[in-house]
Amino acid sequence: DLKESIDYYTKALTIDPSSTATFRNLGSAYQASGNTQLAFASYQQALQLDPKDALVYLKLAYFYEDFASKDWLEAADNAISCYQYYLDNVDAEDTAVLTRYGNLLVREHKSSEAIQIYDKILTIDSSLSNVWFNKAHAEMKINDYLNAKISLEKTLQLDPSISAASHMLKALNDDLAIKVESSDEVYIKDLFNSYASIYDEHGKKLLVSTPRVIRQELAKIYKTKLGITDNTNDDVLLSPPSKKITLTPLSTCDHSVEHEIEDHSNCSGQISFMNRKLDILDLGCGTGLAGAWLKDYAKSLVGVDLSDQMITIAKKKMLYEELYTTSITSYLNDCQVSYDLIVAADVISYIGDLNQIMSMIPKVLRPGGHFVFTAETVDSDDINNIPERGYRLLVNGRFGYSKLYLDNTINNHLNSNEYSIVLSRDFSPRLDAGNPVPGFLYIVERKL
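Nothing here was measured: the structure is a model prediction, and the numbers come from that model.

Caption draft 1: Structural context of the overall build of the chain. When helices and strands are tallied, the chain shows 20 helices and 13 strands. Every one of the 448 residues in the chain was classed for burial, and the buried ones make up 48%. Surface exposure of the chain reaches about 21500 Å², of which carbon and sulfur atoms provide 49%.

Shown next, in the form of structure tokens:
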């Protein structure tokens, strides 16, 4: 029990206030309980008592690393310095610490340095499958695909159950990548479960724009439906949220705290009838990034995601009336209700063949409703290699599509007499290694 631990160490310090170890342990207890200020203060006090206590530096490395995933710019550099101090002064062959150090370097876009760390670990113990996999990830970051393949193969030799290694090995093999039709659901679930705790903060660093742009494009459509001219002041509607509202818990959730979400309801009096009027389905809802931008449009908001960890975080935001931990195809297949708006923000590229999903849209989209999705594209050379198929697994592990494939798949399953593509444009959802990810944004309307 953390409270008991904190009380124990606090009482111990009244007896011996000069104990470095007690301050160090108190800092760990505070950090585990989420009290970062007192954790940091305890670590600092320990260092004042013993500036050479390398174990405190290790605790501080964990502390700074946690903040490196957020907005503290100096945190990563501080964590790196603390890791290095510990390794230099305590145990240069601590493979667990070296692994965390290498992983941090990858996240900070220092993949070449990380590979050196991983190589050092593997000279100490070559049986660590997770390190071989992490090394492959770093090698892919610097486009060293040949060595990445070797590292992935070694990963699977040591542990064939690592689904991500199997998936990425296919992505790096052109002959296989143009034949893969779908992602392994185990891989997708594992990927986003491991990513869930830092997903929102990492999205800020990647300048994820999909939820905001989807809202902007929908706003234009709703304005047109209302006959609002371009001269109408819509700056508030098309801008990021400017204030927050506090929601009390929904009766269907098991949370007893209030939660703040972004408020878009003060958009424009001329479209006020849209607020709280739509039944919305958020496919691949993740932690609720898109849901937050669409909540004020929603009479009901339903989210679906394969990752239980992502769903857990989405629940805490209290945006959704219902959340389902299942695959998109399973949900659509079993769905007995229909929606005014269906959103698939940055999820299509994890699916592969889109024929099954597109064939299910008529079942769940109401007349007058919209289906909005984004998808990554393939470069011109890849398009020439897959002229009939129209999509392939990319080296980043996601699927890329040709525009012709997307258009044809929509038209094959959504009859033009009943559906129309009201928007299809080039769109970059985020950055990847500092570069815009090329893709498309589509809005399909079911006619009244």
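The structure having been displayed, the exposition proceeds.
Caption draft 2: Broad picture of the side chain of arginine 398. Relative to the elements of secondary structure, arginine 398 occurs in the loop between β8 (391-393) and β9 (399-401). Excluding its chain neighbours within four sequence positions, the residues that come into contact with arginine 398 are Ser349, Tyr350, Glu376, Arg392, Leu393, Arg430, Asp432 and Val437.

Caption draft 3: Geometry of the pattern of salt bridges. By the definition in use, this model includes 23 salt bridges. Of the charged contacts in the structure, one is a salt bridge between aspartate 119 and lysine 135, with a shortest N-O distance of 2.9 Å. Taken as a pair, aspartate 119 in helix α7 (residues 111-124) and lysine 135 in helix α8 (residues 129-141) lie far apart in primary sequence, 16 residues in all. According to the relative accessible area criterion, lysine 135 is buried, its value standing at 12%. The salt bridge involving lysine 295 is made with glutamate 321; its shortest N-O contact spans 3.2 Å. On the criterion of sequence distance, the pair formed by lysine 295 in the loop between α15 (289-294) and β4 (298-305) and glutamate 321 in the loop between α16 (308-317) and β5 (322-325) is long-range, its members being 26 residues apart. For lysine 295, a relative accessible area of 11% puts it in the buried group. Residue class for glutamate 321 comes out partly exposed when judged on its relative accessible area of 27%.

Caption draft 4: The packing of aromatic side chains, seen in detail. Taken as a whole and assessed by the stated rule, the structure comprises 22 aromatic pairs. Relative to tyrosine 405, the ring of tyrosine 391 lies with its centre 5.1 Å away and its plane at 50°, an arrangement referred to as tilted. One end of the pair, tyrosine 391, is in strand β8; the other, tyrosine 405, is in helix α20 (residues 403-413), and 14 residues separate them in sequence. One exposure class covers both tyrosine 391 and tyrosine 405, and it is buried. It is arginine 215 that lies over the ring of tyrosine 297; its NZ or CZ is 4.7 Å from the centre. Sitting over the ring of tyrosine 391, arginine 389 keeps its end group 4.0 Å from the ring centre.

Caption draft 5: Geometry of the packing of α7 against α8. Running from N to C, α7 and α8 cross one another at 155°; their axes reach a closest spacing of 9 Å. Classified by the interaxial angle, the pair formed by α7 and α8 is roughly antiparallel. Where α7 crosses over α8, the handedness of that crossing is left-handed. Taken together, the residues of α8 that come into contact with α7 (itself represented by Ser111, Ile115, Tyr118, Asp119, Ile121 and Leu122) are Val131, Trp132, Asn134, Lys135, Ala138, Glu139 and Lys141. Considered class by class, the residues forming the contact of α7 with α8 number seven nonpolar, two polar and four charged.

Caption draft 6: Broad picture of the nonpolar core. Core analysis: the largest hydrophobic core is formed by 58 residues, its most contacted members being Leu281, Leu332, Ile342, Phe371, Phe373, Tyr401 and Leu406. With five residues, the single largest contributor to this core is helix α18 (residues 355-364). Contact partners of leucine 281, with chain neighbours within four places excluded, come to Val302, Val304, Tyr331, Leu332, Tyr339, Leu341, Ile342 and Val343. Counting 43 residues, the second-largest nonpolar core is a separate cluster that includes Leu47, Phe63, Tyr83 and Ile121.

Caption draft 7: Structural view of the pairing of strand β6 (residues 339-344). Of all the six residues making up β6, six are buried; the element is thus mostly covered by neighbouring parts of the structure. Taken together, the five bridges between β6 and strand β7 (residues 365-377) define a ladder with parallel strand orientation. Looking across to β7, one finds that leucine 341 is bridged to histidine 370. Handedness of the β6-α18-β7 crossover: right-handed.

Caption draft 8: Here's a closer look at the packing of helix α1 (residues 2-15) against helix α2 (residues 20-33). At a closest axis distance of 9 Å, the pairing of α1 and α2 adopts a crossing angle of 155°. With respect to α2, the element α1 is oriented roughly antiparallel. Of the two possible hands of crossing, α1 and α2 adopt the one that is left-handed. Between α1 and α2, the residues in contact are Leu2, Ser5, Ile6, Tyr9, Thr10, Ala12 and Leu13 and Thr22, Phe23, Asn25, Leu26, Ala29, Tyr30, Ala32 and Ser33, respectively.

Caption draft 9: Looking closely at the side chain of aspartate 296. Of note, aspartate 296 is situated in the loop between α15 and β4. Residue aspartate 296 is classed as buried on the basis of its relative accessible area, which comes to 2%.

Caption draft 10: Just the pairing of strand β3 (residues 278-283), in detail. Across the six residues that make up β3, a large majority, six, are buried. Relative to β4, β3 runs parallel, the two sharing six bridges. The residue of β4 that forms the bridge with aspartate 279 is serine 300. Chirality of the crossover, the property in question, places the unit of β3, α15 and β4 among those that are right-handed. Sheet analysis places β3 next to β6, joined by three bridges and oriented parallel. If you follow isoleucine 280 over to β6, its bridge partner there is leucine 341.

Caption draft 11: Fine view of the environment of arginine 276. Following the sequence through the fold, arginine 276 ends up in the loop between β2 (259-263) and β3. Residues arginine 276 and lysine 295, 19 residues apart in the sequence, show an inter-C-alpha distance of 7.7 Å.

Caption draft 12: Geometry of α18. Those residues of α18 that sit buried are Ile357, Met358, Met360, Ile361 and Val364. Taken around the axis of α18, the buried residues stretch over an arc of 165°, which confines them to a single face. As for α18, its buried residues are in contact with α17 (328-334), β6, β7 and α20.

About the thresholds
Residues numbered from 1 in each chain as written. Predicted model: local features only at pLDDT ≥ 70, side-chain atom pairs only at ≥ 80, totals over all residues. Heavy atoms only, no water. Helix = DSSP H or I, 4+ residues; strand = E, 2+ residues; numbered from the N terminus. Buried < 20%, exposed > 50% of the residue type's maximum accessible area, 1.4 Å probe, protein only. Areas by Shrake-Rupley, 256 points an atom, 1.4 Å probe, with all protein chains shown as cover. Contact = heavy atoms within 4.5 Å. Salt bridge = Lys/Arg side-chain N within 4 Å of Asp/Glu carboxyl O. Phe/Tyr/Trp six-rings, centres within 6.5 Å; stacked < 30°, edge-to-face > 60°. Lys NZ or Arg CZ within 6 Å of the ring centre and 35° of its normal. Axes fitted to C-alpha atoms, helices over the stretch in contact; angles between N-to-C directions. Parallel < 35°, antiparallel > 145°, perpendicular 65-115°, else oblique. Left-handed = near helix turned anticlockwise from the far one by under 90°. Nonpolar A, V, L, I, M, F, W, Y, C, P; charged D, E, K, R; others polar. Core = buried A, V, L, I, M, F, W, Y, C linked by side-chain atoms within 4.5 Å. Pairing = 2+ DSSP bridges. Right-handed = clockwise from strand over helix to strand, strands pointing away. Arc of directions from axis to C-beta.

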